[in-house]
Amino acid sequence: MTPILECRGLTKKYGRKTALDNIDLKVERGQIVGLLGPNGSGKSTLIKLANELLTPTSGQIFIEGLEPGVETKKKISYLPERTYLNDWMKVHQLIGFFSDFYEDFNKEKAYDMLKSLNINPGDPLKSMSKGTKEKVQLILVMSREADLYLLDEPIGGVDPAARDYILRTILSNYKEDGTVIISTHLISEIENILDYVIFINQGKIHLTASVDEIRSDKGKSVDALFREVFKC
Amino acid sequence: MSWELKNDRPIYIQLIEQIQLRIFSGVYPAGSRLPSVRDMAQEAAVNPNTMQRALARLEEDGLVITHRTSGRTVTEDEKMIEKAKTQLAKEQIMEFLEKMKMMGLERKEVLSIIQNITEEGNV
């Protein structure tokens with residue numbers, strides 16, 4: 001089967017600085033993958049290349065065999081590290097906006113999740129705390145029935161109790177054969193829900209392995225391994 | 001019963017043990033139907049593929065049966081459940097005895113400590 005995400009010799013340079021250095025990578029369907037690396041390792045660059053927010057300096061990236069473009073954006077639900085939503089909009093307006101924009105948007109799901117997080121659909125975004133805004137954004141992203149979810153730091157700004165809820169939200173809402181790629185450095189919080197992890201550092205793939213492989217081969221958690229590998 | 005997962009051992013192995021515990025203690029009684037993989041995964045806050053893997057192992061061991069159309073059930077064979085229970089108990093005791101050995105205790109001493117505790121009625 002065609003991998004949902006594939007990189008071949010993918011390189012991205014910003015001026016003289018190399019953000020991604022000749023990366024080869026395949027991610028299959030139906031998996032939850034952790035994209036883990038220290039700050040500035042190339043995580044967001046990779047995700048932005050998949051979304052066509054950036055174009056490769058050299059090499060290629062494919063979403064289900066296609067180069068990023070209109071067709072691939074239909075398949076990808078993307079949570080950026082920073083919000084792009086209009087602050088003045090109310091949550092129900094945002095939901096209307098998303099369901100106009102994406103064919104695969106499930107309104108009912110969105111309202112269910114808002115309810116369980118006690119978010120009032122009539123509230124404008126600008127009246128909300130940073131954490132609540134992040135929750136709204138994640139709800140919008142997870143209410144799509146996409147083939148690939150790209151979540152850039154989805155749990156960074158919320159409290160630990162909300163983190164648990166968000167992880168469960170991700171678990172219960174991604175499409176059956178969909179793939180979720182989560183970039184984060186809060187590893188211990190998410191490692192139980194991952195199939196496998198990609199360690200990325202200084203623009204290179206350092207390791208790819210399943211979580212249980214790491215635990216049985218090295219007798220330690222992904223979090224502990226990460227701390228060891230990226231020790232400062 | 002909440003799902004307790006430690007972070008130094010493979011998750012699927014811990015899930016196998018936790019599901020076994022639920023079967024032995026009657027949370028999932030003999031012959032009863034198990035929740036869907038996705039629901040169980042969500043409850044335990046783990047990846048559905050990992051839960052699937054744990055259930056597949058339990059199926060190999062015969063504790064769990066998959067029906068073509070109606071999901072999974074716990075085996076009705078009480079003897080088999082009893083056997084698996086004894087097996088798990090044995091493993092736990094071996095592990096415990098290993099630790100006691102590391103502490104430099106002889107089997108006899110361990111047994112007398114256990115006896116004292118049970119006689120005091122603490123257990």
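Residues numbered from 1 in each chain as written. Chains lettered and ligands numbered in written order. Predicted model: local features only at pLDDT ≥ 70, side-chain atom pairs only at ≥ 80, totals over all residues. Heavy atoms only, no water.

Draft legend 1. The arrangement of the pattern of salt bridges in detail. Residues and elements named next belong to chain A. Inspection of every chain in the model, using the stated rule, returns 20 salt bridges over all chains. For glutamate 145, the salt bridge identified is with lysine 109, shortest N-O distance 3.4 Å. Of the two residues, glutamate 145 is situated in the loop between α5 (130-142) and β6 (148-152) and lysine 109 in helix α4 (residues 107-116); the sequence distance between them amounts to 36 residues. The exposure class of lysine 109 is buried, given its relative accessible area of 19%. A salt bridge links glutamate 228 to lysine 220; the nearest nitrogen and oxygen atoms lie 2.4 Å apart. In this structure glutamate 228 comes out as partly exposed when scored by relative accessible area, which is 47%. Connected through shared salt-bridge partners, Arg29, Glu64, Lys75, Asp147 and Asp177 make up one network. (Salt bridge = Lys/Arg side-chain N within 4 Å of Asp/Glu carboxyl O. Helix = DSSP H or I, 4+ residues; strand = E, 2+ residues; numbered from the N terminus. Buried < 20%, exposed > 50% of the residue type's maximum accessible area, 1.4 Å probe, protein only.)

Draft legend 2. Examining the pairing of strand β2 (residues 71-74) of chain B more closely. Residue and element names in this part refer to chain B. Relative to β2, strand β1 (residues 64-67) runs antiparallel, the two being bridged by 4 bridges. Paired with threonine 66 across the strands is arginine 72, a residue of β2. Hairpin connection from β1 to β2: 3 residues lie between these consecutive antiparallel strands. (Pairing = 2+ DSSP bridges.)

Draft legend 3. Fine view of the domain arrangement of chain B. Residue and element names in this part refer to chain B. The domains assigned to chain B are domain 1 (11-76) and domain 2 (79-120). Counting from both sides, the interface comprises 11 residues of domain 1 and, opposite them, 5 residues of domain 2. Carbon and sulfur atoms make up 82% of the surface buried where domain 1 meets domain 2, a total of about 660 Å² over both sides. One can count 0 salt bridges joining domain 1 with domain 2. For the pair domain 1 and domain 2, the number of links is 0 residue pairs in polar contact (both at pLDDT 80 or more). Broken down by element, the residue count for the side of domain 1 that touches domain 2 peaks at 5 residues, all from helix α1 (residues 11-24). Looking at side-chain class alone, the side of domain 1 that touches domain 2 contains 6 nonpolar, 3 polar and 2 charged residues. (Domains from an automatic or database assignment. Contact = heavy atoms within 4.5 Å. Buried area = accessible area lost by both parts, 1.4 Å probe. Polar contact = N/O pair within 3.5 Å; in protein donor to acceptor, adjacent residues only side chain to side chain. Nonpolar A, V, L, I, M, F, W, Y, C, P; charged D, E, K, R; others polar.)

Draft legend 4. Region of the structure containing helix α1 (residues 43-50) of chain A. Residues and elements named next belong to chain A. A large share of α1 lies buried, amounting to 7 of its 8 residues. When α1 is considered as a whole, its buried residues turn out to be Lys43, Ser44, Thr45, Leu46, Ile47, Leu49 and Ala50. Looking one or two residues beyond α1, the residue adopting positive phi is glutamate 52, at roughly 65°.

Draft legend 5. Region of the structure containing the interface of chain A and chain B. Opposite the 22 residues of chain A that make contact, chain B presents 20 residues. When chain A packs against chain B, the two sides together hide about 1,600 Å² of surface, and 43% of this comes from carbon and sulfur. Of all residues in chain A, Asn192, Asp212 and Arg215 of chain A bury the most surface against chain B, accounting for 37% of the area lost on that side. Taken together, chain A and chain B are joined by 1 salt bridge. The partner of arginine 53 of chain B in a salt bridge is aspartate 212 of chain A, with the nearest N and O atoms 3.8 Å apart. The tally of links between chain A and chain B comes to 13 residue pairs in polar contact (both at pLDDT 80 or more). If you list the elements that add at least two residues to the side of chain A that touches chain B, you get α6 (160-173) and α8 (211-218) of chain A.

Draft legend 6. Molecular detail of the side chain of aspartate 212 of chain A. When you line up the elements, aspartate 212 of chain A lands in helix α8. Engagement of the side chain of aspartate 212 of chain A in a polar contact is seen with the backbone nitrogen of isoleucine 11 of chain B, the distance being 2.6 Å. Apart from residues no more than four positions distant in its own chain, aspartate 212 of chain A is found in contact with Pro10, Ile11, Tyr12, Thr50 and Arg53 of chain B.

Draft legend 7. A look at the sheet that holds strand β1 (residues 5-14) of chain A. Residues and elements named next belong to chain A. In spatial order, the strands read β2-β1-β4; together these 3 strands make up an open sheet with antiparallel pairing. Among the strands making up the open sheet, the edge pair consists of β2 (17-27) and β4 (58-63). Across the sheet, the mean angle from the axis of one strand to that of its neighbour is 25°, orientation sign disregarded. Relative to β2, β1 runs antiparallel, the two sharing 7 bridges. Following the sheet pairing, leucine 5 is matched in β2 by valine 27. Taken strand by strand, α1 contacts β1, β2 and β4, and its axis lies near 115° from that of β1. (Axes fitted to C-alpha atoms, helices over the stretch in contact; angles between N-to-C directions.)

Draft legend 8. How the structure looks around the pairing of strand β3 (residues 32-36) of chain A. Residues and elements named next belong to chain A. For β3, a buried count of 5 out of 5 residues is recorded, marking the element as mostly surrounded by other parts of the structure. Covered by surrounding structure in β3 are Ile32, Gly34 and Leu36 together with Val33 and Leu35, the residues of both alternating faces. With 5 bridges connecting them, β3 and strand β7 (residues 179-184) associate as parallel partners. Within β7, the residue paired with glycine 34 across the bridge is isoleucine 182. Note: β3 against strand β8 (residues 196-201), 4 bridges, orientation parallel.

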